[in-house]
Amino acid sequence: MSQNTPPHQPNLPHLPRLREFVQQFTRLIDTGADEARLLHEGGALLAALVAHDDWLPAELSQPHPEHYQQYLLYADARENFSVVSFVWGPGQATPIHNHTVWGLIGMLRGQERSQAYAQDAAGHWRPTGEAHELHPGQVDAVSPRIGDVHRVSNVLADQVSISIHVYGANIGAVKRSVFLEDGTEKPFVSGYTNRSLPNLWDRSAEVRASLQG
C-alpha cells in the first residue's frame, strides 16, 4: 500500500452524498429559480439526501443535554444558501420563532413536530392549524410567503432526533425573532455550534480508485 493511501476505514460517513447534494442545489440556485421552484425541486433533492442515514459525521450529530444543537454543514460562498443539521435531545423544543428566508426541513432520524403560529387581533401568538409531524425521509418547507412562524419539538421523549435544514441565506448570521405568546418579540441570531466543517472536497480516494482501474 502506498504511503499516500489512507487505511481502509469502513465506518467513515458517506460524505459523497452530501457533496452531491450541495453540487445539485448549487446548480439549482444558479438557474435563477424562483422560490416556488426552489422549494419544489430543492425539496426533492433534500428528500433524496435524507432517504439515507449513512453520511452525517458523528461529531455533527451530537445532542446537548439542555438545548438543541445547530451544526453548519455547508454555506455557499455567496451566502445564497446554507445546509444545517439540527440535533434534538429527548423532548427538546424551540421557542416560537421565524426565519425571514425560505427554508426546507428534511427528517433524517427520529421524529419532529411543527406547530404553526399566527397573531390574533390582540397581537398574541396562537397556534394555527393542526401540528404536523415529520418522519425520516419526509420534507417540509417554510418561508414568509407560505408561513414562517412556528415552534418545533422532538416528539421522542427517550431518543435523539435529527433534521437537515436548507435555508436561502447563511442562516446562522440572519437577524431573526423569537416570540412570546403575549406578542413580545425578541431579536436573536442563532450562530452555529461547530467550529469546523465536514471536508466535502477531498475526492482523492475516488481519483486513486480510477487510476487503479
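Residues numbered from 1 in each chain as written. Predicted model: local features only at pLDDT ≥ 70, side-chain atom pairs only at ≥ 80, totals over all residues. Heavy atoms only, no water.

Looking at the overall build of the chain
Part 1 of the reasoning: Scanning the chain for helices and strands turns up three helices and twelve strands.
Part 2 of the reasoning: The C-alpha atoms of the chain give 19 Å as radius of gyration, which agrees with the globular expectation for 213 residues (17 Å, within 12%).
Part 3 of the reasoning: Evaluated residue by residue, the chain yields a buried proportion of 42% over its 213 residues.
Part 4 of the reasoning: When contacts within the chain are restricted to residue pairs at least 6 apart in sequence, those whose partners lie at least 24 apart make up 74%.
Part 5 of the reasoning: Charge centroids of the chain, computed over 16 positive and 23 negative side chains, lie 5 Å from each other. (Helix = DSSP H or I, 4+ residues; strand = E, 2+ residues; numbered from the N terminus. Rg over C-alpha atoms; globule rule 2.2 N^0.38 Å. Buried < 20%, exposed > 50% of the residue type's maximum accessible area, 1.4 Å probe, protein only. Contact = heavy atoms within 4.5 Å. Lys, Arg positive; Asp, Glu negative; His and termini not counted. Charge placed at Lys NZ, Arg CZ, Asp CG, Glu CD.)

A look at the sheet that holds strand β1 (residues 69–75)
Part 1 of the reasoning: Pairing is antiparallel across the open sheet formed by five strands, whose spatial order is β1-β2-β10-β4-β8. Each edge of the sheet is formed by a strand with only one pairing partner; in this case those strands are β1 and β8 (139–142). Geometrically, the sheet is characterised by an average inter-axis angle of 25° between neighbouring strands, direction not taken into account.
Part 2 of the reasoning: Of the strands in this sheet, β4 (103–109), β8 and β10 (161–167) touch helix α2 (residues 35–50), which is tilted by about 15° from β4. (Pairing = 2+ DSSP bridges. Axes fitted to C-alpha atoms, helices over the stretch in contact; angles between N-to-C directions.)

Some points on helix α1 (residues 16–30)
Part 1 of the reasoning: Over its 15 residues, α1 extends 21 Å from the first C-alpha to the last, a length consistent with the 21 Å expected when each residue adds 1.5 Å.
Part 2 of the reasoning: Turning to α1, its buried residues number three or more, namely L18, R19, F21, V22, F25, T26, L28 and I29.
Part 3 of the reasoning: Two residues or fewer past α1, G32 is found with a positive phi of approximately 75°. (Expected span 1.5 Å × (residues − 1).)

Things to note about the side chain of R176
Part 1 of the reasoning: Its place among the elements puts R176 in strand β11 (residues 176–179).
Part 2 of the reasoning: An unpaired buried charge is present at R176: no salt bridge exists, and D148, the closest side chain of opposite charge, is 7.2 Å distant.
Part 3 of the reasoning: Setting aside anything within four residues of it in sequence, one finds R176 in contact with Q70, H97, N98, H99, T100, I171, K186, P187, F188 and S190. (Salt bridge = Lys/Arg side-chain N within 4 Å of Asp/Glu carboxyl O.)

Considerations on unusual backbone geometry
Part 1 of the reasoning: Even without glycine at this site, E79 takes up a positive phi of about 60°.
Part 2 of the reasoning: Here E79 shows up in the loop between β1 and β2 (82–88).

Quick look at the confidence of the model for the chain
Part 1 of the reasoning: Taken over all residues, the pLDDT of the chain has a mean of 93, while the share at 70 or more is 94%.
Part 2 of the reasoning: Within the model, the stretch residues 1–10 combines pLDDT values under 50 with four contacts to residues more than four positions away or in other chains. (pLDDT = per-residue confidence, 0-100.)

Notes on the pattern of salt bridges
Part 1 of the reasoning: What the rule picks out here adds up to eight salt bridges.
Part 2 of the reasoning: Here R109 makes a salt bridge to D53, at a shortest N to O gap of 2.8 Å. In this pair, R109 is assigned in strand β4 and D53 in the loop between α2 and β1, connecting sequence segments 56 residues apart.
Part 3 of the reasoning: For the salt bridge of E133 with R113, the shortest nitrogen-to-oxygen distance reads 2.6 Å. Of this pair, E133 sits in strand β7 (residues 132–134) while R113 sits in strand β5 (residues 112–119); the two residues are 20 residues apart in sequence, bridging distant segments of the chain.
Part 4 of the reasoning: According to the relative accessible area criterion, R113 is partly exposed, its value standing at 31%.

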